[in-house]
Amino acid sequence: MKKENFKSPFKGKSLLSWIDWEPEEILKILDYAFLVKKQARKGEIHQRFLGKTIALIFEKRSTRTRSSFETAFGEEGGHPVFMSTQDIQLGGKETVKDTARVLGRMFDAIEFRGFKQEHINQLAEYSGIPVINGLTDDFHPTQALADIMTLKENFGHLKGLKWTFCGDGRNNVARSLMIISAKLGINFAIYSPKELFPPQDIQEICKPFAEKSGAKIEISDDISVVKGSDCLYTDVWVSMGEESLIEERTKLLTPYQVNKNLMAATGKDNTIFLHCLPAVLGKEVTEEVFESSASKIWDEAENRKHTIKAIMLALI
């Protein structure tokens, strides 16, 4: 089967967050995602990564991110190489800078899922090849694109919709959703205790993007902020690396659980529910909502693969 050319204006670029991407560029990659999903549904087989390799660096465990990168790259004829912290010297015996320079000579791209944003920034700076953020403590851009895709599938458009993130407003998913919403003109709210409001620097970064796109950004600990939401979104209350805070977070965040009453507080009967997974039922979301017809989490999970394939096609 012949290897097909995929002409992209983004070849060679890295995706570290959506901050330095223009709205039109984000939407273009979203178009790619809808294209590859359509091709998958039709059973088409392509070999657009034939002869290509990608290094998949994982400091944190993963189900959806690892599965998406490995299957998407492999289906396109490429060879993904998984590397855990037990497999390489990243930041241990070898600096991130030196690891980047080695991998840049052996691979066509790097995916990094880990803790420090500065590490992925160094990989991008010194490798000389595209680097994709599979998750850091600061950002989760591939998740945000899959969420945007799921929104558009359900409502047919993006601009003017409203969604609300409920829970820990500081986490990487909340930050990434705020950025991509501000860029694309989607109204975005965070329903969170004051102690867990997103940091001021992220709010300041998003402010000019929102002014340009017309997006309204709201951050509140009052339940009224969810009114008018087309989607309620949540994530686990305790992120990886914060397990010691489980009792404190549970007490703080229990009032912000996504349940039947919170869904009703939107005032809409077609509000959908999204969760980036994995979920702890009975904590951030009730099983009733999680298993309801409003829940689009399995479409959202599948869309991780299509959006990640689109991102790799765009950059590689």
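Above this note sits the structure.
Residues numbered from 1 in each chain as written. Predicted model: local features only at pLDDT ≥ 70, side-chain atom pairs only at ≥ 80, totals over all residues. Heavy atoms only, no water.

### Observations regarding the pattern of salt bridges
Quick note on the threshold: Note on definitions: salt bridges are taken to be side-chain nitrogens of Lys or Arg within 4 Å of carboxyl oxygens of Asp or Glu. Secondary structure is summarised from DSSP: a helix means a run of H or I of at least four residues, a strand means a run of E of at least two, and numbering begins at the N terminus for each. Relative accessible area decides the class of each residue, using a 1.4 Å probe on protein chains only: under 20% of the type maximum gives buried, over 50% gives exposed, and in between gives partly exposed.
Scanning all chains against the criterion turns up 18 salt bridges. Here Glu 75 makes a salt bridge to Lys 309, at a shortest N to O gap of 3.2 Å. Of this pair, Glu 75 sits in helix α2 (residues 64-75) while Lys 309 is found in helix α11 (residues 297-315), placing the two residues 234 residues apart along the sequence. Owing to a relative accessible area of 38%, Glu 75 belongs among the partly exposed residues under this scheme.

### Considerations on the sheet that holds strand β1 (residues 53-58)
We count it as follows: Any two strands are treated as partners once DSSP identifies two or more bridges connecting them. Between the N-to-C directions of two axes lies an angle of 0 to 180 degrees, each axis being a line fitted to C-alpha atoms and, for a helix, fitted only over the stretch in contact. Here, residues are in contact when the closest pair of their heavy atoms is within 4.5 Å.
Taken together, the four strands give an open sheet; going across it, the order is β2-β1-β3-β4, and neighbouring strands pair in parallel fashion. Since the sheet does not close on itself, it has two edges, and those belong to β2 (79-84) and β4 (131-135), each with one partner. On average, adjacent strands in this sheet sit at an angle of 20° to one another, irrespective of strand direction. Inspection of the sheet shows strand β3 (residues 109-113) paired to β4 by four bridges, in the parallel sense. The residue of β4 that forms the bridge with Glu 111 is Ile 132. Set on the sheet, α2 makes contact with β1, β2, β3 and β4; between it and β1 the angle comes to about 170°.

### Observations concerning helix α7 (residues 200-213)
Turn by turn, an α-helix covers 3.6 residues, leaving residues three or four places apart pointing in a common direction. As a reminder of what qualifies: Any helix carries an expected span of 1.5 Å times its number of residues minus one. Fitting axes to the seven residues that end at a residue and to the seven that start at it, the angle between those axes gives the bend at that residue.
An ideal rise of 1.5 Å per residue puts 20 Å on 14 residues; α7 measures up with 20 Å between its terminal C-alpha atoms. The largest bend along α7 measures about 30° and falls at Lys 207, with the proline Pro 208 one to four residues further on. Every buried residue belonging to α7 is among Ile 202, Cys 206, Ala 210 and Ser 213, and all of these are buried. Contact partners of the buried residues in α7: α6 (172-184) and β7 (217-220).

### Points about the environment of Ile 223
Relative to the helices and strands, Ile 223 is located in the loop between β7 and β8 (231-234). The partly exposed category is assigned to Ile 223, whose relative accessible area is 41%. A sequence separation of 106 residues divides Ile 223 from Gln 117, and the C-alpha atoms of the two residues are 32 Å apart. When residues no more than four places from it in sequence are discounted, the contact partners of Ile 223 are Tyr 191, Leu 262 and Ala 265.

### Points about the sheet that holds β8
Here we have five strands laid out as an open sheet, ordered β7-β6-β5-β8-β9, and parallel in their pairing. Each end of this open sheet is capped by a strand with a single partner; those strands are β7 and β9 (272-275). Each adjacent strand pair in this sheet contributes to an overall mean axis angle of 20°, direction not counted. Note: β8 against β9, four bridges, orientation parallel. Looking across to β9, one finds that Tyr 233 is bridged to Leu 274. Most of the contacts of α11 go to β9, to which it runs at about 45°, and overall it touches β8 and β9.

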